[in-house]
Amino acid sequence: MATEPSSADDTRFDVELEFLSCLANPQYLGWLAQTGCFDDVRMISYLEYLLYWREPEYARFIVYPAGLLCLDMLQQEQFRRNLRDPGFVQLLETHIYAGWLGKVKHGVASQTDSTENSAISVSGKAN
């Protein structure tokens with residue numbers, strides 16, 4: 001017989017889901033990086049732990065899929081370091097916003113003011 005989830009389990013689920021939603025905000029990621037949160041091994045372990053949210057049974061609850069994308073990128077040390085750069089945070093914000101507008105195809109955002117396409121990478125360079 002299956003047991004009912006406890007109130008503590010429900011609370012943890014809600015807190016983790018809310019945190020994943022926050023990860024869709026590049027300004028928040030930049031703040032976390034600038035305040036040294038990503039220098040703490042416990043935070044890195046927590047980010048790794050949260051990867052279970054990629055499983056369909058959990059991912060279906062995610063409102064902002066960009067949070068899951070950012071969670072994946074946060075697994076890379078270089079990406080976490082790049083978040084200290086306001087220019088990189090702005091680039092990430094632009095790409096996430098373009099995705100919300102439906103302008104991103106396979107990780108490449110079209111630019112209306114340029115003939116070039118750019119994509120954000122872990123290295124922080126537009127390609």
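Everything here concerns the structure above.
The rules behind each value
- Residues numbered from 1 in each chain as written.
- Predicted model: local features only at pLDDT ≥ 70, side-chain atom pairs only at ≥ 80, totals over all residues.
- Heavy atoms only, no water.
- Helix = DSSP H or I, 4+ residues; strand = E, 2+ residues; numbered from the N terminus.
- Buried < 20%, exposed > 50% of the residue type's maximum accessible area, 1.4 Å probe, protein only.
- Contact = heavy atoms within 4.5 Å.
- Areas by Shrake-Rupley, 256 points an atom, 1.4 Å probe, with all protein chains shown as cover.
- Patch = residues over 30% accessible without salt bridge, like charges linked within 9 Å, V, L, I, M, F, W, Y side chains within 5 Å.
- Salt bridge = Lys/Arg side-chain N within 4 Å of Asp/Glu carboxyl O.
- Lys, Arg positive; Asp, Glu negative; His and termini not counted.
- Charge placed at Lys NZ, Arg CZ, Asp CG, Glu CD.
- Axes fitted to C-alpha atoms, helices over the stretch in contact; angles between N-to-C directions.
- Parallel < 35°, antiparallel > 145°, perpendicular 65-115°, else oblique.
- Nonpolar A, V, L, I, M, F, W, Y, C, P; charged D, E, K, R; others polar.
- Expected span 1.5 Å × (residues − 1).
- Polar contact = N/O pair within 3.5 Å; in protein donor to acceptor, adjacent residues only side chain to side chain.
- Core = buried A, V, L, I, M, F, W, Y, C linked by side-chain atoms within 4.5 Å.

The secondary structure content of the protein chain amounts to seven helices and two strands. Along the protein chain, helices (α) and strands (β) appear in the sequence α-α-α-α-α-α-α-β-β when read from the amino end. In the protein chain, which comprises 127 residues, the proportion classed as buried is 32%. When contacts within the protein chain are restricted to residue pairs at least 6 apart in sequence, those whose partners lie at least 24 apart make up 59%. Surface summary for the protein chain: the accessible area is close to 8200 Å², and the carbon and sulfur share equals 54%.

As a further point, take a nonpolar patch on the surface. Together, Val 63, Tyr 64, Tyr 97, Trp 100 and Leu 101 give the surface a local cluster of nonpolar side chains, amounting to about 580 Å² of exposed area. By the secondary structure assignment, Tyr 97 is in helix α7 (residues 86–100).

The subject of this paragraph is a negative patch on the surface. Where like charges cluster on the molecular surface, the negative patch consists of Asp 9, Asp 10, Asp 14 and Glu 18. Examined against the element boundaries, Asp 14 turns out to sit in helix α1 (residues 7–22). You can call Asp 14 partly exposed: its relative accessible area is 49%.

A separate point is the packing of α1 against helix α3 (residues 41–49). At a minimum axis distance of 12 Å, the contact between α1 and α3 shows a crossing angle of 100 degrees. Relative to α3, the element α1 is oriented roughly perpendicular. Within the contact between the two elements, α1 uses Arg 12, Glu 16 and Phe 19 and α3 uses Met 43, Tyr 46, Leu 47 and Tyr 49. Its residues assigned to classes, the contact of α1 with α3 shows five nonpolar, no polar and two charged.

Time to look at the pattern of salt bridges. Following the criterion strictly, the structure yields five salt bridges and no others. Put simply, Arg 12 and Glu 16 hold a salt bridge, and the shortest N to O gap is 3.6 Å. Taken together, the residues Arg 12 and Glu 16, both in helix α1 and four residues apart, mark about one turn of the helix. Among the residues examined, Glu 16 registers a relative accessible area of 3% and is labelled buried. For the salt bridge of Asp 39 with Arg 84, the shortest nitrogen-to-oxygen distance reads 2.5 Å. Highlighted residues: Asp 39 in the loop between α2 (26–34) and α3 and Arg 84 in the loop between α6 (77–82) and α7, separated in sequence by 45 residues.

Turning our eyes to something else, we now look at α7. Along an α-helix, residues three or four apart share an orientation, since each turn contains 3.6 residues. For α7, built from 15 residues, the straight-helix expectation of 21 Å at 1.5 Å per residue is met to within 8% by its first-to-last C-alpha distance of 21 Å. For α7, every residue scored as buried is listed here: Phe 88, Val 89, Leu 92, His 95, Ile 96 and Ala 98. N-capping of α7 is provided by Asp 85, with a side-chain oxygen placed 2.9 Å from the backbone N of Gly 87. Taken from the residues just after α7, Gly 102 is the one with a positive phi, measuring 80 degrees.

Of all hydrophobic cores here, the largest spans 27 residues; its most connected members are Phe 38 and Leu 83. Among the elements of the structure, α1, α2, α3, α5 (65–73) and α7 are those that each provide at least two residues to this core. When residues in this core are grouped by element, the largest group, five residues, is from α5. Ignoring any residue separated from it by four or fewer positions in sequence, one finds Leu 83 in contact with Leu 29, Gly 30, Ala 33, Gln 34, Phe 38, Leu 74, Phe 88, Val 89 and Leu 92.

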